[in-house]
Structures are given as C-alpha cells and as structure tokens.
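Chain and residue survey
These are the residues of each chain, in order.
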Amino acid sequence: PKAECCVTGKHLQNQIRNLQGQLKSLQDIINKKHKGKTAKDFINGSQISEKLFAANGSAGDYKTSKATCSRAGGHLASPRTSSENGAIQQIIQRYNKAAYLDINDMETEGIFKYQSMEVIGYVNWAPGEPNDTGGGEDCVEMYTDGRWNDRSCEEERLIICEF
Ligand code: 293
Ligand code: CA
Ligand code: CA
C-alpha cells in the first residue's frame, strides 16, 4: 500500500482549507485598503468601445470630481466621439443631472484641452457656447441633451468617470 503522503485527499483538503483562509485574510486587507473607492463601486456604467463610463450618484465641483475618479483608478469622463458623448449622456439622463467633462481652458482662454493637455478634437457645444460668461468659465459641463457648456469650475455636478 502506498504511504500516506502529501497527495492524499485528506492532506490536500487541509492545504486547500489553509490557502482559502490565507486568501480570505488577504482579500479582507485589500477590501479595507480601497475603502469602497474602486471602479466596481461605480455601479451605473455604460460601456462604449474600449471605455467604461460610470457614476454612482455622487456629485462634486470640478476639482472634487477629478480627484474622485483618480482615486478610483480612472479619469473624469471626456468624450472623443459622438458615441462616447452618447454613452455619457445616458448616465446624465439617468440621474437627470449635468456632469463636468475632463476638458478645460484654464491654460489659454478659449483653447479647450483634455487632461492630457492635448487640444480637443470632437466637440458638441450648445448653440452660443463656449461664451466664457463673466470671464470665469474654464470648465465644461454636459447637459441632459448631450450638448456642452463652458461653466465655472465651482458648481456641484454629477461625477462620471471613465475607466
Ligand atoms: C448666458 C447666456 C445663456 C447661457 C449661459 C451659459 C452660462 O447667461 O444663454 O446659457 O450664459 O453659457 O454658462
Ligand atoms: Ca474660459
Ligand atoms: Ca457658458
């Protein structure tokens, strides 16, 4: 008869149980570390091409919105095509609340750039926009109709991230 060794059912079962226990404590550590700020917590998503756009109903000014998406491992949403624009618009309509895009003209008035500092290509301005009302509109919001408006960066807007 073969010796009772490490490959018998009982022994393997014990090793698996031990590993499962270790895995669980590692998972607990990871979950604690992320404190619910990972991409999976943005439950209302809309996937288009390679991008996933997602929101969880939270809102913030431009700076807060950028920081929130960054903490979650993404970026504030910035559409580069009309289909990406439509995917973001769906989320805005679901919450019935406008959202900031990751586009601004802070560096040079009137020259709108992505966070990468690249000048924007695709645009979907509302009629008469951008108008830099009061000389103080350097951020961009998307309305529920999908059109864009340059706006002060200090408003409270739905946070939509892209991953
Ligand atoms: C002005 C004229 C409005 C326009 C508004 C926004 C503000 O009040 O028609 O909607 O500016 O551009 O960002
Ligand atoms: Ca401006
Ligand atoms: Ca405006």
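For the rest of this paragraph, the subject is the overall build of the protein. Per the secondary structure count, the protein includes three helices and ten strands. The order of helices and strands in the protein, counted from the N terminus, is α-β-β-β-α-β-α-β-β-β-β-β-β. Every one of the 163 residues in the protein was classed for burial, and the buried ones make up 36%. Here the analysis covers contacts within the protein between residues at least 6 apart in sequence; of these, 66% occur between residues at least 24 apart. Put simply, the protein shows about 9700 Å² of open surface, and 53% of that area lies on carbon and sulfur atoms.

A few words now on the coordination of the calcium ion (ligand 3). Coordination sphere of the calcium ion (ligand 3), protein contribution only: Glu-129 (OE), Asn-131 (OD1), Glu-137 (OE), Asn-149 (OD1), Asp-150 (O) and Asp-150 (OD), at 2.2 to 2.6 Å. The sequence pattern formed by the donor residues of the calcium ion (ligand 3) is E-x1-N-x5-E-x11-N-D. Taken together, the residues span a long stretch of sequence, with Asn-131 in the loop between β6 (113-114) and β7 (139-142) and Asn-149 in strand β8 (residues 148-151) at a distance of 18 residues. Under the relative-accessibility criterion, Asn-131 is labelled partly exposed at 39%. By relative accessible area, Asn-149 is classed as buried at 3%.

Turning next to helix α3 (residues 82-95). Between its first and last C-alpha, α3 extends 20 Å over 14 residues, near the 20 Å set by a 1.5 Å rise per residue. Looking only at α3, the buried set comprises Glu-84, Asn-85, Ala-87, Ile-88, Gln-89, Ile-91 and Ile-92. Trailing α3 by a residue or two, Asn-96 shows a phi angle of about 50°, which is positive.

Now for the packing of aromatic side chains. To describe a pair of aromatic rings, one takes the distance between the centres and the angle between the planes. The final tally for this structure, using the stated rule, is four aromatic pairs. Ring pairs connect the aromatic residues Phe-112, Tyr-122, Trp-125 and Trp-148, which therefore count as one cluster. The residue whose ring lies beneath Arg-80 is Tyr-114, and the NZ or CZ to ring-centre distance is 3.8 Å.

Below, the discussion takes up the nonpolar core. By size, the foremost hydrophobic cluster in this structure holds 19 residues, and its most contacted members are Phe-53, Ile-88, Leu-101, Ile-103, Val-140, Trp-148 and Ile-160. Counting residues per element, the ones that place at least two in this core are β2 (51-55), α3, β5 (99-104) and β7. Among the elements that take part in this core, α3 stands out by supplying four residues, more than any other. Those residues within four positions of Ile-160 in sequence are excluded, and the remaining contacts are Phe-53, Ala-54, Ala-55, Cys-69, His-75, Leu-76, Ala-77, Ile-88, Ile-91, Ile-92 and Ala-99. Ranked by size, the runner-up nonpolar core spans eleven residues in total, among them Ala-54, Cys-69, Cys-139 and Cys-153.

Here helix α2 (residues 62-71) has its buried residues at Tyr-62, Ser-65, Thr-68 and Cys-69. For α2, the angular spread of the buried residues around the axis is 130°, confining them to a single face. Projecting away from the buried face of α2 at angles above 90 degrees are the exposed residues Lys-63 and Arg-71. Looking one or two residues past α2, Gly-73 carries a phi angle of roughly 90°, positive in sign.

Definitions and cut-offs
- Residues numbered from 1 in each chain as written.
- Chains lettered and ligands numbered in written order.
- Predicted model: local features only at pLDDT ≥ 70, side-chain atom pairs only at ≥ 80, totals over all residues.
- Heavy atoms only, no water.
- Helix = DSSP H or I, 4+ residues; strand = E, 2+ residues; numbered from the N terminus.
- Buried < 20%, exposed > 50% of the residue type's maximum accessible area, 1.4 Å probe, protein only.
- Contact = heavy atoms within 4.5 Å.
- Areas by Shrake-Rupley, 256 points an atom, 1.4 Å probe, with all protein chains shown as cover.
- Donors = N, O, S within 2.8 Å, 3.2 Å for Na, K, Ca; no water.
- Expected span 1.5 Å × (residues − 1).
- Phe/Tyr/Trp six-rings, centres within 6.5 Å; stacked < 30°, edge-to-face > 60°.
- Lys NZ or Arg CZ within 6 Å of the ring centre and 35° of its normal.
- Core = buried A, V, L, I, M, F, W, Y, C linked by side-chain atoms within 4.5 Å.
- Arc of directions from axis to C-beta.

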